[in-house]
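Coordinates in review
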Amino acid sequence: MTMRKAIDIGSYRVRIRTQAAGEQEAAISPARVEDMPNSWAFRWQELWQRTDFELQNIVKLVYEEQVWGLIRYIVFPYPGTPHTLEIEHLETNPVSKGQQTNPLIEPIRKWLIWYVTQVSLRYCSGGMNDTPLMLVSVDSAFNYYKDIIKMQYVGATTIAPGKDGYVFKFTRDNAAAFTRRQEQQLGVPSSVDP
């Protein structure tokens with residue numbers, strides 16, 4: 001398959017747990033420029049301007065008309081037949097973070113990763129190493145990707161001068177296993193017609 005524009009899988013309704021109301025429904029869909037927050041840690045509005053939507057995309061998780069998480073990914077190679085999706089940025093709404101033992105909404109990051117995992121399984125071949133999905137993690141998220149998402153740790157890398165990062169990957173089997181675990185825990189997302 002030769003890629004012509006950003007690959008996505010449409011919009012989905014997913015089950016989340018909220019601190020205030022218990023189990024609820026949220027939506028995951030491709031983001032728009034007006035969804036880009038200006039008060040989060042990452043400069044999403046600036047990133048939107050630098051995003052080449054021919055090979056990259058930004059997806060959001062929305063609950064009660066508020067964006068609770070964003071994920072940006074890129075598909076390689078371009079142009080050509082896609083073989084690997086890389087998660088470039090992932091952030092949850094700062095309101096949902098902190099030292100809380102009971103987050104306001106969960107699981108935000110897992111559903112966003114579920115979405116890009118689905119994109120990678122549907123559209124990426126995995127290349128010679130059977131790796132349809134990968135990411136580079138900062139130190140503070142190392143245990144999350146290793147122990148919670150259960151991605152395979154590949155090795156250390158340098159993100160920027162003086163800043164270490166850690167490469168993780170999903171093989172096709174790992175990606176499918178993650179998807180099954182997520183769907184068994186919270187249910188299979190339902191597609192939303194455009």
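In this convention, every chain numbers its residues from 1, walking through the sequence in written order. The predicted nature of this model means local features are confined to residues of pLDDT at least 70 and side-chain atom pairs, given and counted, to a pLDDT of 80 or more, with totals for whole chains, interfaces and linings taken over all residues. Calculation of side-chain values draws on the structure's entire complement of heavy atoms; hydrogens and water are dropped beforehand.

Note on classification: 1.4 Å probe, protein chains only; a residue is buried when its accessible area is under 20% of the maximum for its type, exposed when over 50%, partly exposed between these limits. A run of H or I in DSSP becomes a helix once it reaches four residues, and a run of E becomes a strand once it reaches two; helices and strands are each numbered from the N terminus. For strand β3 (residues 56-63), a buried count of eight out of eight residues is recorded, marking the element as mostly surrounded by other parts of the structure. Here β3 shows two buried faces, one formed by Gln-56, Ile-58, Lys-60 and Val-62 and the other by Asn-57, Val-59, Leu-61 and Tyr-63. At least two DSSP bridges between two strands are needed for those strands to be called paired. With eight bridges connecting them, β3 and strand β4 (residues 66-76) associate as antiparallel partners. By the bridge assignment for β4, Gln-56 is matched with Ile-74. Joining the antiparallel neighbours β3 and β4 is a turn of two residues, in which Glu-64 adopts a positive phi near 50°.

Under the pairing criterion, centres of Phe, Tyr and Trp rings, with the six-membered ring standing for Trp, must be within 6.5 Å; the plane angle then separates stacked pairs below 30 degrees from edge-to-face pairs above 60, leaving the rest tilted. Tallied over the full model, the rule gives 13 aromatic pairs. A centroid spacing of 5.5 Å and a plane angle of 65° characterise the contact between Phe-42 and Trp-44, whose relative ring orientation is edge-to-face. Take Phe-42: its relative accessible area is 29%, and that puts it in the partly exposed class. Taking the relative accessible area as the measure of exposure, Trp-44 reaches 0% and is therefore buried. Each ring, one from Tyr-144 and one from Tyr-145, has its centre 5.4 Å from the other, and the planes form 80°; the classification is edge-to-face. No difference in accessibility class separates Tyr-144 from Tyr-145, as the two residues are buried. Connected via pairs of aromatic rings, a cluster forms that spans Phe-142, Tyr-144, Tyr-145, Tyr-153, Tyr-166 and Phe-168. Positioned over the ring face of Tyr-144 is Arg-109, at 3.7 Å from the centre of the ring. In this scheme, Lys NZ or Arg CZ marks a charge over a ring once it lies within 6 Å of the ring centre and within 35 degrees of the ring normal.

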